[in-house]
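Residues per chain are reported as follows:
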Amino acid sequence: MNITLRQLRVFAAVTRHRSFTRAAEELCLTQPAVSMQVKQLESQLDAALFEQLGRKIFLTEMGKEVYQYSRNILQQLDELQGVLSSMKGLDKGRLKISVASTANYFIPALLAGFCQRHPKITVSLDVTNRETLLNQLADNEVDLVVMGQPPKDADLGYEPFLENPLVIVAPPEHPLAKKKKIPLNALTQEIFLVREPGSGTRIAMERFFSQRGVHITTGMEVGSNEAIKQSVQAGLGLGLLSRDTVEMELTLGRLVILPVSDFPIMRHWYVVHRQGKRLSAIATAFKDYLIVEGPALLGKSTQELPRLAEKNRKLNSST
Ligand code: PGA
């Protein structure tokens, strides 16, 4: 058997995405190159790894077995890389982080400060939604993740480091924009643009309204914060977004925050890793940097953070 790590990486990406096209996008390869790697792996192992049913692809029984082994091999290699970079200290090495699409509005600024301090490190930054972040943590593909409240039942260590208020935005000419105070049930007359399923913002929004028994009407489903902002400006509906995403539009007067009672929804940003993961020296330094310096560098309040951090420490130690 003469298989290569590249074949295993390509196979693992196709399995994760259940798609040759999306795996090709992730790996910056062409689709034929991805198919070729999988074919070569199948021929080396003398086993069919995928089957196509309709438009979807599925792992065969042998494919499932090969996937388990590939994951272990790739994780071991990642761990080896982490251990070696720990041994090299903070001067060299690689930091692999993934952040929620909404966190992308402030993480690059923080990363810039960190990279100035450690100019020789290589950073890989992926920006995706909450659901994909949880999969990446489960598959041990990243050192650290920045996301909203992680699920309590997953095997994760996490620490809050920033507040993340969610607000309702409208174009300045919207009739509600003139009101001083808007009762929650006035929103039942409006149409909301919502993020895609799998978005943390969307989950928080649905939970908030369902806990209060308020039935809102949702219009278009929009796959990014940027597209929501454009659609709100175009008058297609109201948006519920992290305040971090709308700073520029507020300054330019293109959007306004509606003063709705019970708002903002107060969420927090967490730095997250797999429980028990051996973090490299760089990953540990970045985590500490976010927690200790992040809020001040971004000029944010930290009022609620000590209480939340304590609550999470208790939760983490009792699970
Ligand atoms: P999202 O995450 O970008 O997936 O909406 C934000 C959050 O979890 O608050």
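Being a predicted model, the structure only gives us computed values, none of them experimental.

Cut-offs used in this document
- Residues numbered from 1 in each chain as written.
- Predicted model: local features only at pLDDT ≥ 70, side-chain atom pairs only at ≥ 80, totals over all residues.
- Heavy atoms only, no water.
- Buried < 20%, exposed > 50% of the residue type's maximum accessible area, 1.4 Å probe, protein only.
- Helix = DSSP H or I, 4+ residues; strand = E, 2+ residues; numbered from the N terminus.
- Arc of directions from axis to C-beta.
- Contact = heavy atoms within 4.5 Å.
- Pairing = 2+ DSSP bridges.
- Salt bridge = Lys/Arg side-chain N within 4 Å of Asp/Glu carboxyl O.
- Polar contact = N/O pair within 3.5 Å; in protein donor to acceptor, adjacent residues only side chain to side chain.
- Near = heavy atom within 4 Å.
- Areas by Shrake-Rupley, 256 points an atom, 1.4 Å probe, with all protein chains shown as cover.
- Axes fitted to C-alpha atoms, helices over the stretch in contact; angles between N-to-C directions.
- Parallel < 35°, antiparallel > 145°, perpendicular 65-115°, else oblique.
- Nonpolar A, V, L, I, M, F, W, Y, C, P; charged D, E, K, R; others polar.
- Left-handed = near helix turned anticlockwise from the far one by under 90°.
- Disulfide = S-S within 2.5 Å.

S.K.: Residue-level account of helix 8 (residues 225–233), with values.
M.R.: Residue pairs three or four apart in sequence face the same way in an α-helix, which turns once every 3.6 residues. Burial in helix 8 covers these residues: Asn225, Ile228, Lys229, Ser231 and Val232. Angular distribution of buried residues about the axis of helix 8 spans 165°; they occupy a single face of the element. In this fold, the buried residues of helix 8 make contact with strand 6 (156–170), strand 7 (191–195), strand 8 (217–222), strand 9 (238–242) and helix 9 (247–251). Just beyond helix 8, the residue with positive phi is glycine 235, at close to 85°.

S.K.: Mind laying out the pairing of strand 6, listing which residues take part and the relevant values?
M.R.: Burial of strand 6 is extensive: 15 of the 15 residues sit out of reach of the surface. As judged from the ten bridges shared by strand 6 and strand 11 (residues 265–274), these two strands associate in the antiparallel manner. Residue pairing for strand 11: glutamate 163 is matched across the bridge by histidine 268. Across four bridges, the pairing between strand 6 and strand 9 is antiparallel. When the sheet's bridge partners are listed, isoleucine 168 is paired in strand 9 with leucine 240. Two strands pair when backbone bridges link them, and strand 6 and strand 10 (residues 256–257) are joined in this way by two bridges, in the antiparallel orientation. Bridge pairing in strand 10 places alanine 170 opposite valine 256.

S.K.: Give me the lowdown on the pattern of salt bridges, citing residues and values where you can.
M.R.: For side chains of opposite charge, pairing can occur when their charged atoms come near one another. In the structure shown here, the tally under the stated rule is twelve salt bridges. In this structure, arginine 71 engages aspartate 139 in a salt bridge whose closest nitrogen and oxygen atoms are separated by 3.3 Å. Of this pair, arginine 71 sits in helix 4 (residues 61–88) while aspartate 139 sits in the loop between helix 6 (130–138) and strand 5 (144–147); the two residues are 68 residues apart in sequence, bridging distant segments of the chain. Overall, the relative accessible area of 24% leaves arginine 71 in the partly exposed class. For lysine 229, the salt bridge is made with glutamate 226, and the minimal N-O distance between the two is 2.9 Å. You can see lysine 229 and its partner glutamate 226 sitting in helix 8, three residues apart, about one turn around the helix.

S.K.: Provide a residue-level description of the side chain of threonine 102, including the pertinent values.
M.R.: Its place among the elements puts threonine 102 in the loop between strand 3 (94–100) and helix 5 (107–117). A distance of 3.5 Å separates a polar atom in the side chain of threonine 102 from a polar atom in the side chain of arginine 195. With sequence-adjacent residues up to four places away left out, threonine 102 is seen in contact with Arg195, Thr201, Asn225, Ser242, Thr245 and Trp269.

S.K.: Can you break down the site of the ligand residue by residue, with the values?
M.R.: As a structural note, the neighbourhood of the ligand is formed by 13 residues, with Thr102, Ser199, Gly200, Thr201 and Arg267 the closest of them. Between the ligand and the protein, one listed contact pairs an oxygen atom with a side-chain N or O atom of serine 101 at 3.1 Å. Contact distances for the ligand include 3.2 Å between an oxygen atom and a side-chain N or O atom of arginine 195. Summarising the interface, the protein chains cover 100% of the accessible area of the ligand, which totals 280 Å² for the free molecule.

S.K.: Kindly report on the packing of helix 2 (residues 20–27) against helix 3 (residues 31–45), identifying the contributing residues and their values.
M.R.: Their axes nearest at 8 Å, the elements helix 2 and helix 3 cross at an angle of 105°. On the basis of the axis angle, helix 2 is roughly perpendicular to helix 3. Within the contact between the two elements, helix 2 uses Phe20, Thr21 and Ala24 and helix 3 uses Gln31, Val34, Ser35 and Val38. In the contact of helix 2 with helix 3, the residues fall into four nonpolar, three polar and no charged.

S.K.: A description of the packing of helix 1 (residues 5–17) against helix 3 should follow, citing residues and the corresponding values.
M.R.: In the contact formed by helix 1 and helix 3, the axes pass within 9 Å of each other and the chain directions differ by 115°. Between helix 1 and helix 3, the angle is such that the two are roughly perpendicular. With respect to the hand of their crossing, helix 1 and helix 3 are arranged in left-handed fashion. Judged by residue contacts, Arg6, Gln7, Leu8, Val10, Phe11 and Val14 of helix 1 engage Val34, Gln37, Val38, Gln40 and Leu41 from helix 3. The residue inventory of the contact of helix 1 with helix 3, partitioned by class, reads seven nonpolar, three polar and one charged.

S.K.: Quick one: what's the story with the state of the cysteines, residue by residue and with numbers?
M.R.: Across all of its chains, the model carries zero disulfides by this definition. Cysteine cysteine 115 remains unbridged, with the sulfur of cysteine 28 as its closest cysteine sulfur at 19 Å. Note on cysteine 115: relative accessible area 27%, which makes it partly exposed.

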